[in-house]
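# Structural features, examined
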Amino acid sequence: DFCLSRGLGDVYKRQRVDGLAEVKVKNRFAVGDHLELMTPRGNYHFDLHRLCNRQQHAIEVAPGDGHVVYLPIPEQVALDYGLLMRDLRIDEAAS
């Protein structure tokens, strides 16, 4: 069961680098998580299958605050004022 969402990061420059959205990380997330990009034009839900660091090397985890990562978001999804979220399970929300 899911109960809450946690803010993971902000779409940083509102542009894509090699087709990937640049995200300023606030909280840890990882490949395999179900994410939601909230924007003023609507929300986009997706499973994260790819994540890269600044050197464009594949990584498995965005470790938390102070990091910048890159992830695929379709071109038709506007990045302006994007906020990346992840649903939390009840047991995660308690910790």
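Notes on the structure follow. (Residues numbered from 1 in each chain as written. Predicted model: local features only at pLDDT ≥ 70, side-chain atom pairs only at ≥ 80, totals over all residues. Heavy atoms only, no water.)

Helices and strands together make up the secondary structure of the protein, namely one helix and eight strands. N-terminal to C-terminal, the α/β element order of the protein is β-β-β-β-β-β-β-β-α. Out of the 95 residues in the protein, the part that is buried amounts to 38%. In the protein, the proportion of contacts linking residues at least 24 apart, taken out of those at least 6 apart, comes to 62%. Of the accessible surface of the protein, which amounts to about 5,700 Å², a share of 46% is contributed by carbon and sulfur atoms. (Helix = DSSP H or I, 4+ residues; strand = E, 2+ residues; numbered from the N terminus. Buried < 20%, exposed > 50% of the residue type's maximum accessible area, 1.4 Å probe, protein only. Contact = heavy atoms within 4.5 Å. Areas by Shrake-Rupley, 256 points an atom, 1.4 Å probe, with all protein chains shown as cover.)

Glancing now at the side chain of asparagine 53. Within the element layout of this structure, asparagine 53 appears in the loop between strand 5 (42-47) and strand 6 (61-62). Among the polar contacts listed, one links the side chain of asparagine 53 to the backbone nitrogen of glutamine 55, at a separation of 3.0 Å. Filtering out sequence-adjacent residues up to four positions away, asparagine 53 remains in contact with Ile59, Val68 and Tyr70. (Polar contact = N/O pair within 3.5 Å; in protein donor to acceptor, adjacent residues only side chain to side chain.)

Residues other than glycine predominantly adopt negative phi, and peptide bonds predominantly adopt the trans conformation. You will see that aspartate 18, though not glycine, has its phi angle at about 50 degrees, which is positive. Note that aspartate 18 resides in the loop between strand 1 (2-17) and strand 2 (20-25). Judged by relative accessible area, which is 66%, aspartate 18 ranks as exposed. Although it is not a glycine, tyrosine 81 sits at a positive phi angle of roughly 55 degrees.

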